[in-house]
Amino acid sequence: MAKSTFIGGVHPYEGKELSKNKPIKDVLPKGDLVYPLSQHIGAPAVPIVTKGERVLRGQKIAEAGGFVSAPIYASVSGVVKTIEPRRVVTGDMVMSIVIENDHEYEEVVYPEAKPLEEMSRDEIIDCIREAGVVGMGGAGFPTHVKLSVKNPEKIDYVIANCAECEPYLTSDYRRMLEEPDKLIEGLKVSLALFPNAKGILAVEDNKPDCIAILKEKTIEEPRIVVTQLKTKYPQGAERQLIYATTKRKINSTMLPADVGCVVNNVDSIVAIYNAVYLRKPLMERIVTITGEAVNEPQNMRVHIGTNYHELIEAAGGFKEEPVKIISGGPMMGFGVFELDLPTTKTASALLCLTKDEVSEMEPSACINCGRCLEVCPGRVMPSKLATLAEKYREEEFVENDGMECCECGCCSYVCPAKRHLTQSIKSMRKIILGKRKK
Ligand code: SF4
Ligand code: SF4
């Protein structure tokens, strides 16, 4: 069978064997739960609880701050201890609601769910918005905004991003193996919004067991296909995924809907399932705690707001002091410098490494080998862009398609001179995007 893919990309060490065979383990929080009001793209949520108030699990504690925003729910019962700035994985201090866990897990009564066939398009989107569902692959874009496209009949493909192409990460893999029905039913909810769309479950071919299960379970589903993708990083990046599955192309100024596509990741689709079929808000997610420094790497079902220290403890602690800790995967994640941080809706993994090969080597001059050009999935010139970025030549950076970089890290990964290509390009992009936003 032909496997779908894109041009460029790399094959980094996978590291998935550390945690892929570990079934999802439920981890109950011990200490306080911290809910940053900004854990999505868009306006911060607005608190609707006050200090000293008792809250139940599943109770809304912060309302969406606008259309592009998402509400936040308590994942435990307890008392609001404070509302104050707390540090998050990016290093920023973000206004957060802190709940003292009473360990009773007393839950609200959720509204009764209506059968999907009896729900209107607006009702379905409303349920998803109200549940606080956002892109849980890392971006945090509110899902109801993504689904509210102008011309729903023009959407041809609803793509479930099951690639999980980042090394070390295995939470989507476990979801597909252990809860495939939730994923398929969640995809069917999205399909109910787009009458002419076909559903694609796009899985890399290093997960043959998931492909087999999903194929077997969708054999009677005329609107859903399972597409086998070539295992290659960054196969799960939105543009590369859309190209691999539909041969349609988007650039940095376009949205997937402009080429008739809607893309959601595995955890978000399961959150859609919970929102519509169970009327339950987003309160939990699967997090992979892994890396050579961890005693028992594993996949955990985590109450959002749980402190990272507790997750490391639940994974048996460190067997060796980590040299580097990354939130997310090694290619696109970012380094964290302390563990006293809360898990959020977008926290997919914590990777604790005993070696930091990139930082160990000093960058040297470019030898013009062309490797970065060869692997760049954005089809831009990483070497030139990094030089322009280092010299703050903004105009030329844009003229040379710097904004088409998806920050995948492939160029830095292959560069024999160990130039900090992605880092330089990323910083320049951030400055330009910041200016455009203003
Ligand atoms: S320039 Fe950007 S898109 Fe191209 S390889 Fe580097 S990080 Fe990836
Ligand atoms: S891979 Fe590194 S050394 Fe080779 S051309 Fe690109 S920047 Fe230069």
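None of the values given here were measured: they were computed from a predicted structure.

Participant: It is not clear to me how the overall build of the chain should be interpreted in this structure. Could you clarify?
Facilitator: In terms of helices and strands, the chain carries 14 helices and 17 strands. The C-alpha atoms of the chain give 21 Å as radius of gyration, which agrees with the globular expectation for 438 residues (22 Å, within 12%). Judged by the C-alpha coordinates and their principal axes, the chain covers about 65 × 50 × 45 Å. Looking at the chain residue by residue over its 438 residues, the buried ones come to 50%. Taking as baseline every contact in the chain between residues at least 6 positions apart, the subset at least 24 positions apart corresponds to 72%.

Participant: Before we go on, may I ask you to explain the site of ligand 2 in this structure?
Facilitator: Near ligand 2 you find 14 residues, and of these Cys-366, Cys-369, Cys-372, Ser-383 and Cys-415 are the closest. Across the shell around ligand 2, the residue classes break down as nine nonpolar, three polar and two charged.

Participant: I tried to follow the sheet that holds strand β16 (residues 334–336) on my own but got confused; where do I start?
Facilitator: Adjacent strands of a sheet form backbone hydrogen bonds with each other and so pair up, either parallel or antiparallel. Strand order in the open sheet made by the six strands is β1-β14-β13-β17-β15-β16, with mixed pairing throughout. The sheet is open, and its two borders are formed by β1 (25–27) and β16, each paired with just one other strand. Neighbouring strand axes in the sheet, compared pairwise and without regard to direction, differ in orientation by 30 degrees on average. Bridge count for strand β15 (residues 324–327) against strand β17 (residues 349–353) is four bridges, and the pairing is antiparallel. Bridge pairing in β17 places Ile-325 opposite Cys-352.

Participant: Would you mind showing me how to read helix α14 (residues 421–437) here?
Facilitator: Spacing of three or four residues puts side chains on the same side of an α-helix, whose turn is 3.6 residues. For α14, which comprises 17 residues, the first-to-last C-alpha distance of 24 Å matches the rise-based estimate of 24 Å (1.5 Å per residue) to within 8%. Three or more residues of α14 are buried, namely Leu-421, Thr-422, Ser-424, Ile-425, Met-428 and Arg-429. For α14, the buried positions fall inside an angular range of 165 degrees around the axis, keeping them on one side. Pointing more than 90 degrees away from the buried face of α14 are the exposed residues Lys-430, Gly-434 and Lys-437. Those residues of α14 hidden inside the fold are in contact with α10 (371–375), α11 (382–390), α12 (394–399) and α13 (410–414).

Participant: Quick question: what am I supposed to make of the site of ligand 1 here?
Facilitator: What surrounds ligand 1 is a group of 16 residues, the closest being Cys-376, Gly-378, Cys-405, Cys-408 and Cys-411. If you list the elements that add at least two residues to the shell around ligand 1, you get α13 and α14. Of the residues forming the shell around ligand 1, the biggest block, three residues, is contributed by α14. Its residues placed into classes, the shell around ligand 1 shows 12 nonpolar, three polar and one charged.

Participant: Explanation requested: unusual backbone geometry in the structure shown.
Facilitator: Note on backbone geometry: most residues besides glycine have negative phi, and most peptide bonds are trans. Residue Pro-234 is bonded to the preceding Tyr-233 through a cis peptide linkage, with omega at 0 degrees. Among the secondary structure elements, Pro-234 is positioned in the loop between β11 (224–229) and α6 (238–246). Backbone geometry places Tyr-105, a non-glycine residue, at a positive phi of 50 degrees. The topology assignment puts Tyr-105 in the loop between β8 (93–101) and α1 (121–130). Looking at Tyr-105, the number of C-beta atoms within 10 Å reads 15, which means it is partly exposed. Phi is positive for Glu-407, which is not a glycine, with a value near 60 degrees. Within the fold, Glu-407 resides in the loop between α12 and α13. By C-beta crowding, Glu-407 is classed as partly exposed, having 16 other C-beta atoms within 10 Å.

Participant: Would you mind showing me how to read the pairing of β8 here?
Facilitator: If a strand is regular, its side chains alternate between the two faces of the sheet. Note: strand β2 (residues 33–36) against β8, four bridges, orientation antiparallel. What sits directly across from Tyr-35, in β8, is Ile-97. Of the strand pairs in this sheet, strand β7 (residues 78–87) and β8 are connected by nine bridges, and their pairing is antiparallel. In the strand pairing of β8, Gly-78 is matched with Asn-101.

Participant: How should I be thinking about helix α7 (residues 266–278) in this particular structure?
Facilitator: Here α7 is 13 residues long and its end C-alpha atoms lie 17 Å apart, about the 18 Å a rise of 1.5 Å per residue gives. α7 sits mainly inside the fold: 11 of its 13 residues count as buried. Residues of α7 that are buried: Val-266, Asp-267, Ser-268, Ile-269, Val-270, Ala-271, Ile-272, Tyr-273, Asn-274, Ala-275 and Val-276. Two residues or fewer after α7 comes Arg-279, characterised by a positive phi angle close to 60 degrees.

Participant: What should I look at first to understand the pairing of strand β9 (residues 157–162) in this one?
Facilitator: Counting buried positions over the six residues of β9 gives six, a clear majority of the element. Neither face of β9 is exposed, since Tyr-157, Ile-159 and Asn-161 on one face and Val-158, Ala-160 and Cys-162 on the opposite face are all buried. Pairing of β9 with strand β10 (residues 198–204) involves six bridges; the strand directions are parallel. Following the sheet pairing, Tyr-157 is matched in β10 by Lys-198. The pairing of β9 with strand β12 (residues 261–265) spans five bridges and is parallel. Across the sheet, residue Tyr-157 finds its bridge partner in β12, namely Cys-261.

Participant: Would you explain the sheet that holds β12 in this entry?
Facilitator: In spatial order, the strands read β11-β10-β9-β12; together these four strands make up an open sheet with parallel pairing. This sheet does not close on itself; its edge strands, each paired only once, are β11 and β12. Neighbour-to-neighbour, the strand axes of the sheet open up by a mean angle of 25 degrees, direction not taken into account. Each of β9 and β12 is contacted by α7, which is oriented at about 90 degrees to β12, the strand it contacts most.

Participant: Can you walk me through the domain arrangement of the chain in this structure?
Facilitator: In many reports, interface size means the accessible area that the parts give up when they come together. The domain boundaries assigned to the chain delineate domain 1 (133–278) and domain 2 (362–437). Once you take the C-alpha centre of each, domain 1 and domain 2 turn out to be 29 Å apart. Taken together, the contact between domain 1 and domain 2 spans seven residues of the former and six residues of the latter. The residue makeup of the side of domain 1 that touches domain 2, split by class, is three nonpolar, three polar and one charged.

About the cut-offs
- Residues numbered from 1 in each chain as written.
- Chains lettered and ligands numbered in written order.
- Predicted model: local features only at pLDDT ≥ 70, side-chain atom pairs only at ≥ 80, totals over all residues.
- Helix = DSSP H or I, 4+ residues; strand = E, 2+ residues; numbered from the N terminus.
- Rg over C-alpha atoms; globule rule 2.2 N^0.38 Å.
- Buried ≥ 20, exposed ≤ 12 C-beta atoms within 10 Å, placed from the backbone.
- Contact = placed C-beta atoms within 7 Å.
- Near = placed C-beta within 6 Å.
- Nonpolar A, V, L, I, M, F, W, Y, C, P; charged D, E, K, R; others polar.
- Pairing = 2+ DSSP bridges.
- Axes fitted to C-alpha atoms, helices over the stretch in contact; angles between N-to-C directions.
- Expected span 1.5 Å × (residues − 1).
- Arc of directions from axis to C-beta.
- Domains from an automatic or database assignment.

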